[in-house]
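# Descriptive analysis of the structure
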Amino acid sequence: MGSPLLRVEDLHAFYTVPLGGAGFGYRRVWALRGVNLDVFPGTTLGIVGGSGSGKTTLIRTVLGFLKPAKGRILFRGMDLSKLGSKRRREVAREIGYVPQEPSQSINPKMAVKDSIAEPLRPLRLSEEDIEKRVGVVMEMLDLDLSIGRMLARELSGGMLQRVAIARAIISKPKLVLLDEPTSFLDISTQAQILNILRDLKEELGLTYVIVSHDIDVVSYISDRIAVMVSGRVIEEGAAEDVLREPLHPYTSILLNPEGVTKEISIVNSETDLCPIRSWCPWKAEKCLSKPPPVVAVSKERTVLCWYFAD
Amino acid sequence: MVALVLIAKSEGLGVGYEHDGGVAWVVENLDLAVEHGLVTCLIGESGCGKSTIGNAMAGLLPPYARTYGKLVISSRTVIDGGKIDFTGIRGKVVVRIAQDPASALNPYLTIGEQLSIAVKTHFPGLSEQDTKSKVLELLSDVMLGEDVYERYPHQLSGGMKRRAAIALALAPEPKIIVADEPTSALDAYLKYAVASLLKKLQKEWELTLVFITHDVSVARYVCDKVAVVYAGRIVEEGAALGCLTSPLHPYLEQLLKALPRRLSKDRLADIPGMPPRPGAYPTGCKFHPRCPYAFEKCWKEEPPLTEVGGRSVRCWRYHG
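First, a word on scope: everything that follows refers to the structure included in this document. (Residues numbered from 1 in each chain as written. Chains lettered and ligands numbered in written order. Predicted model: local features only at pLDDT ≥ 70, side-chain atom pairs only at ≥ 80, totals over all residues.)

## A short note on the overall build of chain B
In plain terms, the rule: Secondary structure elements follow DSSP: runs of H or I of four or more residues count as helices, runs of E of two or more count as strands, with numbering from the N terminus. Atoms counted for the radius of gyration: C-alpha only. Globule rule: 2.2 Å times the number of residues to the power 0.38. A residue is called partly exposed when the number of other C-beta atoms within 10 Å of its own lies between 12 and 20, exposed at 12 or fewer, and buried at 20 or more, with C-beta atoms placed from the backbone. Remark: residues whose backbone-derived C-beta atoms lie within 7 Å of one another are considered to be in contact.
When you go through chain B residue by residue, the secondary structure sums to 10 helices and 14 strands. Taken over the C-alpha trace, chain B has a radius of gyration of 20 Å; the compact-globule value for 320 residues is 20 Å, and the two agree within 12%. For the C-alpha atoms alone, the extent of chain B along its principal axes is close to 70 × 50 × 45 Å. Among the 320 residues that make up chain B, the fraction classed as buried is 47%. Looking at chain B alone, contacts between residues at least 24 apart form 62% of all its contacts between residues at least 6 apart.

## Some words on the pairing of strand β8 (residues 94–97) of chain B
Residue and element names in this part refer to chain B. As a reminder, the rule being used: Whether two strands pair comes down to DSSP finding at least two bridges between them.
Neither face of β8 is open: one carries Val94 and Arg96, the other Val95 and Ile97, and all of them are buried. Sheet analysis places β8 next to strand β9 (residues 176–180), joined by four bridges and oriented parallel. Following the sheet pairing, Val95 is matched in β9 by Ile177.

## Brief notes about the interface of chain A and chain B
Formally: Each residue gets one label: Ala, Val, Leu, Ile, Met, Phe, Trp, Tyr, Cys and Pro are nonpolar, Asp, Glu, Lys and Arg are charged, and the others, such as Gly, are polar.
With 25 residues of chain A in contact, the opposing surface of chain B contributes 23 residues. Among the secondary structure elements, those contributing two or more residues to the side of chain A that touches chain B are α7 (187–204), α8 (215–221), α9 (239–244) and α10 (249–255) of chain A. When residues in the side of chain A that touches chain B are grouped by element, the largest group, six residues, is from α7(A). In terms of residue class, the side of chain A that touches chain B is made up of 11 nonpolar, nine polar and five charged.

## As for the pairing of strand β2 (residues 22–30) of chain B
All names here are of chain B. Bridge count for strand β1 (residues 6–19) against β2 is six bridges, and the pairing is antiparallel. Each residue of the ladder has a partner; that of Glu18, found in β2, is Val23. Counting the residues in the hairpin turn of β1 and β2 gives two residues, including Asp20, whose phi is positive at 50°.

## Observations regarding the packing of helix α3 (residues 111–122) of chain B against helix α5 (residues 158–170) of chain B
Residues and elements named next belong to chain B. Put simply, the test is: Structural elements are reduced to axes, namely lines fitted to C-alpha atoms, with helices fitted over the stretch in contact, and the angle between N-to-C directions of any two is expressed from 0 to 180 degrees. Roughly parallel here means an angle under 35 degrees, roughly antiparallel means over 145, roughly perpendicular means 65 to 115, and every remaining angle is called oblique. Handedness of a crossing is defined here by the sense of rotation of the near helix relative to the far one, left-handed for an anticlockwise turn of less than a right angle and right-handed for a clockwise turn.
Orientation of α3 relative to α5, taken along the N-to-C sense of each, is 20°, at an axis distance of 9 Å. As the angle between them shows, α3 and α5 are arranged roughly parallel. Crossing hand, α3 versus α5: right-handed. The segment α3 lies against α5, with Ile111, Gln114, Leu115 and Ala118 engaging Ala164, Ala167 and Leu168. Of the residues in the contact of α3 with α5, the class split is six nonpolar, one polar and no charged.

## Considering the packing of α3(B) against helix α4 (residues 128–141) of chain B
Residue and element names in this part refer to chain B. α4 packs onto α3 with a crossing angle of 115° between their chain directions and a minimal axis gap of 9 Å. When the axis of α3 is compared with that of α4, the two are roughly perpendicular. In this structure, α3 crosses over α4, and the sense of that crossing is right-handed. Across from Gly112, Leu115, Ser116, Val119 and Lys120 in α3, the residues of α4 making contact are Thr131, Lys134, Val135 and Leu138. Classifying every residue of the contact of α3 with α4 gives four nonpolar, three polar and two charged.

## Considerations on the sheet that holds strand β4 (residues 39–43) of chain B
Residues and elements named next belong to chain B. Pairing in this open sheet of eight strands is mixed, and the strands run β8-β9-β10-β4-β11-β12-β14-β13 from one edge to the other. Of all strands in the sheet, those with a lone pairing partner are β8 and β13 (306–308), marking the two edges. With strand direction ignored, the average angle separating the axes of adjacent strands in the sheet is 20°.

## Regarding the nonpolar core
Residue and element names in this part refer to chain B. As a reminder of what qualifies: Here, a nonpolar core denotes buried Ala, Val, Leu, Ile, Met, Phe, Trp, Tyr and Cys residues that are linked to one another through C-beta atoms within 7 Å.
Counting residues in each nonpolar core, the largest one holds 183 residues, and the members touching the most others are Ala167 and Val228. Per-element accounting of this core gives the leading share, nine residues, to helix α6 (residues 188–204). Contacts of Val228, omitting those with residues within four sequence positions, involve Ile43, Gly44, Ile234, Val235, Glu236, Cys243, His249, Tyr251 and Leu252.

## Overview of the environment of Arg277(A)
Residues and elements named next belong to chain A. Within the element layout of this structure, Arg277 appears in the loop between α10 and α11 (285–289). Taking the number of C-beta atoms within 10 Å as the measure of exposure, Arg277 has 18 and is therefore partly exposed. Along the sequence, Arg277 and Thr43 sit 234 residues apart, while their C-alpha atoms lie 33 Å from each other.

## Things to note about the sheet that holds strand β2 (residues 26–39) of chain A
Residue and element names in this part refer to chain A. On the basis of which strands lie adjacent, the open sheet formed by four strands has the order β2-β1-β4-β5 and antiparallel pairing. Looking along the sheet, the strands with just one partner apiece sit at the ends: β2 and β5 (78–79). In this structure, strand β4 (residues 70–75) lies alongside β5, joined through two bridges in antiparallel fashion. When the bridges of β5 are listed, Phe75 appears paired with Met78. Here helix α1 (residues 55–63) sits on the sheet and contacts β1 (6–18), β2 and β4; the angle it forms with β2, its principal contact strand, is near 80°.

## Quick word on α1(A)
Extensive coverage of α1(A) is indicated by the burial of seven of its nine residues. Residues Lys55(A), Thr56(A), Thr57(A), Leu58(A), Ile59(A), Thr61(A) and Val62(A) constitute the buried set of α1(A).

## Some words on unusual backbone geometry
Residues and elements named next belong to chain B. One non-glycine residue, Asn29, lies in the positive phi region at around 45°. The residue Asn29 is located in strand β2 in this model. Given 18 C-beta atoms within a 10 Å radius, Asn29 is considered partly exposed. For Leu263, which is not glycine, the phi torsion reads 65° and is therefore positive. With respect to the secondary-structure elements, Leu263 resides in the loop between α9 (250–257) and α10 (296–300). The exposure class assigned to Leu263 is exposed, which follows from the 11 C-beta atoms found within 10 Å.

## Side note on the environment of Asp141(B)
Residue and element names in this part refer to chain B. You can see Asp141 is positioned in helix α4. The exposure class of Asp141 is partly exposed, given the 17 C-beta atoms found within 10 Å. Along the sequence, Asp141 and Glu204 sit 63 residues apart, while their C-alpha atoms lie 9.6 Å from each other. The contact partners of Asp141, leaving out residues within four places of it in the chain, are Ala167, Leu170 and Leu201.

So this is what it looks like as structure tokens:
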């Protein structure tokens with residue numbers, strides 16, 4: 001497989017939030033607690049998990065919006081936090097980003113054409129070149145050129161999402177990070193966007209990291225799947241293996257949510273103990289006292305659970 | 001099987017909103033029959049008018065709404081032409097659970113206080129003691145602990161807030177509950193937990209549940225009957241299992257093919273274009289611009305609902 005395009009090593013990140021209640025001051029909420037992931041060129045890694053599991057934080061940290069508290073992010077072997085600001089900006093162009101809600105991330109008063117061209121501005125290309133590239137990208141995304149003059153707020157959700165994808169790929173990135181690209185869309189528009197994403201990947205040889213709470217959406221375009229709970233990856237493996245034979249009890253629930261009979265909750269506590277220890281069917285004494293280890297079940301499959309440790 | 005009694009029935013119902021001096025008709029010529037004691041699902045994409053149908057049934061249309069046709073709920077004609085009269089029905093016989101639970105709960109009152117107000121409003125004779133025990137009963141019905149009584153909405157998680165909103169809806173002991181996207185924006189397992197709670201309550205309380213959703217898998221899980229809404233009209237209606245496994249109408253067929261299926265990398269169906277906006281519906285069959293089977297008649301004339309194998313479907317392909 002060669003070397004990974006993106007490698008995340010023992011990544012920790014936290015947010016500072018007010019104490020709340022009658023107390024003054026702030027506390028740390030750990031959103032990532034030791035995430036390890038490899039993304040190989042030309043593949044798609046799907047990250048699934050419930051709300052608050054740290055999926056979006058992981059993407060934000062890779063993009064540099066959030067500083068890691070610990071751990072490293074390696075892009076093409078370069079440690080992103082060690083790069084100088086000029087080099088970091090250059091590398092940033094190689095990483096495309098499609099944010100969660102396009103209507104919140106695209107300037108509603110800007111012409112669509114200008115929105116798409118925005119990432120090219122720092123490159124100091126000629127107007128002609130920019131125009132040409134915008135045209136090519138819009139065609140790739142089935143966007144009619146007449147839309148270019150419209151304002152972003154005049155577009156529907158599906159159209160806006162296409163504009164967001166166009167913005168992400170116009171700087172010819174190697175890696176595209178997609179944060180819930182279809183969660184705000186209807187089924188028919190979701191299918192359109194998923195098909196476009198798959199076609200673009202083939203055409204441009206892109207590498208994707210796609211985050212979603214919908215495991216079926218992820219499974220449609222992913223080669224590998226990582227399941228996150230409470231800031232950690234609890235299971236990672238080839239998409240087909242994970243879908244066919246989930247190992248971690250939480251993954252089984254994600255795959256078969258209608259089978260849940262008892263109340264389940266995810267403990268986002270400040271300890272590194274297993275987040276599902278309160279309701280896990282395999283709960284043992286160890287689970288309540290020691291953090292679970294990462295177990296390599298096979299060469300390309302890991303799970304974070306005491307059950308597989310022995 | 002429960003005897004099939006219609007609790008709500010619409011005949012040629014139209015609902016529109018005043019817009020730019022005219023009326024944009026969102027729902028047109030709707031004939032919907034809701035059977036008592038069943039879960040009827042309205043499935044459709046955003047902008048198709050399913051929430052408008054829900055609001056019309058719950059008597060929650062805004063003042064600028066215009067209507068025609070007829071809507072009968074629990075043997076009372078509530079919409080008759082342009083006249084709307086929900087007195088004694090709204091909030092008593094029919095209640096709606098809103099999409100966003102935060103909008104239904106008062107952030108300044110504890111859950112117990114809010115439920116007590118609802119109970120006292122509908123049962124004015126109850127003593128303090130009885131009110132409290134009734135509130136606690138409601139909380140246990142929606143599987144919330146007694147401790148929730150003292151808590152404020154912001155102290156509850158998303159799933160718990162939905163449960164609290166459901167308890168609030170149950171307080172007047174209604175006959176019909178209109179649940180508008182009760183499972184949207186929830187995690188997968190919470191979605192099914194809320195859906196199965198609603199189904200459980202529907203059985204125990206012998207309620208009629210109108211479940212509005214765009215999520216086909218949840219619909220498959222909770223519904224007895226399905227009505228597929230497209231451009232403000234029903235395009236297919238029938239038993240949930242039949243409709244969602246062997247669809248008749250091209251729209252439903254394409255919609256089901258557009259859903260990603262686990263372990264299948266087959267290309268998803270691309271329904272071209274977008275659902276039409278209210279006020280700008282196409283001529284003839286409203287789905288014809290996006291339909292792979294459309295022929296001449298489809299853009300000239302709108303097909304009526306026809307009976308095919310115990311189901312109703314609005315498509316010219318099933319005529320002769």
